[in-house]
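Topology and contacts: notes
Residue strings, one per chain:
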Amino acid sequence: MTPEPLKTRLTALVVAPPVPDAPDLVADLETAGAEVIERCLCAEMVRSAVRHAPDVIVCWFPQAGELFFDAVRLLNQAAPTAVLVFTSDLRVEVMERSLDCGIASWVVNGYAPNRLRPLLQLTCARFVRERKLRADLEELSQRLEERKLVDRAKGILMTARQVSEDEAFRLLRSASMQAKRRIGQVSQQVIAAAHYGEAVNRAGRLRFLSQRVVKLYALAMAGVDESGSRALLAASVAQIQDVLANLIKTLSQPTFGDLIVSAQQAWSDLHERLESGLAVGPGNALAVLSSLDEAAERLLTRAEQLTMVLEDAGLAPTLHVINIAARQRMLSQRLAKFALLTAAMPAGLPAFAPEVASTAEAFERSLAYLRDIPLSTAATREALAAAEAAWQRMLDGARHAREGTGRQEVAVASEELLVLFDSLTSEYERSMQVLIG
């Protein structure tokens, strides 16, 4: 590419200390055909360059100090300009610093008025050429980075939707054309949506596991498939620990670490109470249940906070559907927990009827939302229908939770709902509308 043509009359900013042996740069530059717009000290160089926007800055420093190099670095950020320096500093390390700072011409012991004009032209030409080279390098780096993003996004789409590499690229290109954005930008959105969608799903697991732990303890103490309930309880404990470890590993700790630590602390308290409760046996089940529920509510609150922050961080409105589907898992376990807590209460003591009612209302409201959203497919509609049937069975079991058959129905239906909404959450997480937006 041909360099930009040089102006016939260059504007120059002179930077030099007021010392007796300094050359008369202003007069010599004007003789050479340049227009000197100002003379200033090093400390004023950047401000003057921003104000006047000269074609070239001409400096005279017998020894260039740290202040000068700091000013040049700031100049490159604020108002990149061609810089010509005359100096008597022979040190190679200083020459190397001048190159690192982007100084176009560094002339050692070579000042002469008759050399000014060609040096000015060389300095400006070199500055233009180096800016072009840097721009080309940045564009190349951007293309390489974009290619990496496209490859990562293709891999996500191929795994999520079970499509070929060509089909994944076609989807990205089509989304890029529709959104009138670069394919790299669309790819970055896919990567972010997948990352935050997975994080929302994982953090949401802490919500339902907090409730499931109490539910399973209540079932075990009530003798409802005690060995099975204890096995599921142990699995739930392991899942919580795995989820927390994964969140620590995959999320930015400066951004989300405080929320994860808060959830860890709540889990540590709940885990300690659970271990103590399992050790004392069913004789103190009611007191243990009350203590477990108190700790589980703290974990639920902190897990909910983390999940909502992650949803907002994803900057994709479609992440909301993942959160809603994931929350249904928690609501199913929460209603089962309250039903079993009510059953464990002696007759005449306050029960959890308001909590059951509000949980049921929230579940049914979200179920209607999921039925109506445009993300529904034949598979999701079938799963939602199965979920509605299981929900009705659980409600019926909850109404008879003081009876063994009612508790058994709550246990079975709540686990069925958990499996269904776990699958639905993963399906929404892999949805094209969620990934591409």
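Residues numbered from 1 in each chain as written. Predicted model: local features only at pLDDT ≥ 70, side-chain atom pairs only at ≥ 80, totals over all residues. Heavy atoms only, no water.

For the rest of this paragraph, the subject is the overall build of the chain. Helix and strand content of the chain: 15 helices and five strands. Taking 2.2 N^0.38 as the reference for a compact globule, 437 residues should give roughly 22 Å; the C-alpha atoms of the chain span a radius of gyration of 35 Å, well beyond that estimate. Out of the 437 residues belonging to the chain, those deemed buried represent 47%. Restricting the contact set of the chain to residue pairs at least 6 apart, pairs at least 24 apart contribute 73%. Taken as a whole, the chain presents about 21,200 Å² of accessible surface, with 54% of it coming from carbon and sulfur. Side-chain charges in the chain split into 48 positive and 53 negative, and the spacing between the mean points of these groups amounts to 3 Å. (Helix = DSSP H or I, 4+ residues; strand = E, 2+ residues; numbered from the N terminus. Rg over C-alpha atoms; globule rule 2.2 N^0.38 Å. Buried < 20%, exposed > 50% of the residue type's maximum accessible area, 1.4 Å probe, protein only. Contact = heavy atoms within 4.5 Å. Areas by Shrake-Rupley, 256 points an atom, 1.4 Å probe, with all protein chains shown as cover. Lys, Arg positive; Asp, Glu negative; His and termini not counted. Charge placed at Lys NZ, Arg CZ, Asp CG, Glu CD.)

This brings us to the packing of helix H6 (residues 165-179) against helix H7 (residues 183-221). It is at 9 Å that the axes of H6 and H7 come closest, and there the two elements cross at 110°. In terms of orientation, H6 and H7 fall into the roughly perpendicular class. At the point where H6 passes H7, the crossing takes the right-handed sense. Mapping the contact onto sequence places Phe169, Leu172, Arg173, Ala175 and Ser176 in H6 and Ile183, Val186, Ser187 and Val190 in H7. (Axes fitted to C-alpha atoms, helices over the stretch in contact; angles between N-to-C directions. Parallel < 35°, antiparallel > 145°, perpendicular 65-115°, else oblique. Left-handed = near helix turned anticlockwise from the far one by under 90°.)

Here we take up the environment of Ala193. Topologically, Ala193 is positioned in helix H7. A sequence separation of 237 residues divides Ala193 from Arg430, and the C-alpha atoms of the two residues are 9.6 Å apart.

A word on the nonpolar core. Counting residues in hydrophobic clusters, the biggest one holds 83 residues, and the most contacted among them are Leu310, Leu370, Phe421 and Tyr428. At the level of elements, H7, helix H8 (226-250), helix H9 (253-280), helix H10 (285-313), helix H11 (319-344), helix H12 (353-372), helix H13 (378-399) and helix H14 (404-429) are the ones that each hand at least two residues to this core. Sequence-distant contacts of Leu370, that is, excluding residues within four places in its chain, are made with Val321, Ile324, Ala325, Gln328, Ser376, Leu384, Phe421 and Tyr428. (Core = buried A, V, L, I, M, F, W, Y, C linked by side-chain atoms within 4.5 Å.)

Turning our eyes to something else, we now look at the environment of Asp312. Counting through the fold element by element, Asp312 comes out in helix H10. When the C-alpha positions of Asp312 and Cys59 are compared, they lie 51 Å apart, and in sequence the two are 253 residues distant.

Moving on, we get to the sheet that holds strand S5 (residues 105-108). The sheet built from five strands is open, its strands ordered S2-S1-S3-S4-S5 with parallel pairing. At either margin of the open sheet sits one strand with a lone partner, and together these are strand S2 (35-40) and S5. Across this sheet, the average inter-strand angle for adjacent strands is 20°, counted without regard to direction. Both strand S4 (residues 82-87) and S5 contribute to a ladder of four bridges, which runs parallel. Note that in S5 the partner of Thr87 across the bridge is Val108. Docked against the sheet, helix H5 (residues 116-161) engages strand S3 (56-60), S4 and S5, running at close to 135° with respect to S4. (Pairing = 2+ DSSP bridges.)

Relative to the assigned elements, Cys42 resides in the loop between S2 and helix H2 (45-52). It is 6.0 Å that separates the C-alpha atoms of Cys42 and Val15, two residues lying 27 residues apart in sequence. Discounting residues that sit within four places of it in the chain, Cys42 has contacts with Val15, Phe61, Leu67, Phe68 and Ala71.

Moving on, we get to unusual backbone geometry. We note that Ala53 has phi near 50°; this positive angle belongs to a residue other than glycine. Structurally, the position occupied by Ala53 is in the loop between H2 and S3. By relative accessible area, which is 56% here, Ala53 ends up exposed.

The terminal C-alpha atoms of H9, which comprises 28 residues, lie 38 Å apart, in line with the 40 Å expected from a rise of 1.5 Å per residue. Taken together, the buried positions of H9 are Phe256, Gly257, Leu259, Ile260, Ser262, Ala263, Ala266, Trp267, Leu270, Leu274 and Gly277. Summarising the contacts, the buried residues of H9 are in contact with H7, H8 and H10. (Expected span 1.5 Å × (residues − 1).)

A word on the packing of H7 against H11. Where H7 meets H11, the axes come as close as 8 Å, and the angle between the chain directions of the two elements is 5°. The angle between H7 and H11 places the two elements in the roughly parallel class.

A separate point is the pairing of S3. Counted residue by residue, S3 has five buried out of five residues, so it is predominantly covered. Because side chains alternate across S3, one face comprises the buried residues Val56, Val58 and Trp60, and the other comprises Ile57 and Cys59, equally buried. Two elements, strand S1 (residues 11-15) and S3, share four bridges in a ladder whose sense is parallel. Paired with Leu13 across the two strands is Ile57, which belongs to S3. Note: S3 against S4, five bridges, orientation parallel. Along S4, the bridge assignment pairs Val56 with Ala82. Running through helix H3 (residues 66-78), the crossover from S3 to the neighbouring parallel element S4 is right-handed. (Right-handed = clockwise from strand over helix to strand, strands pointing away.)

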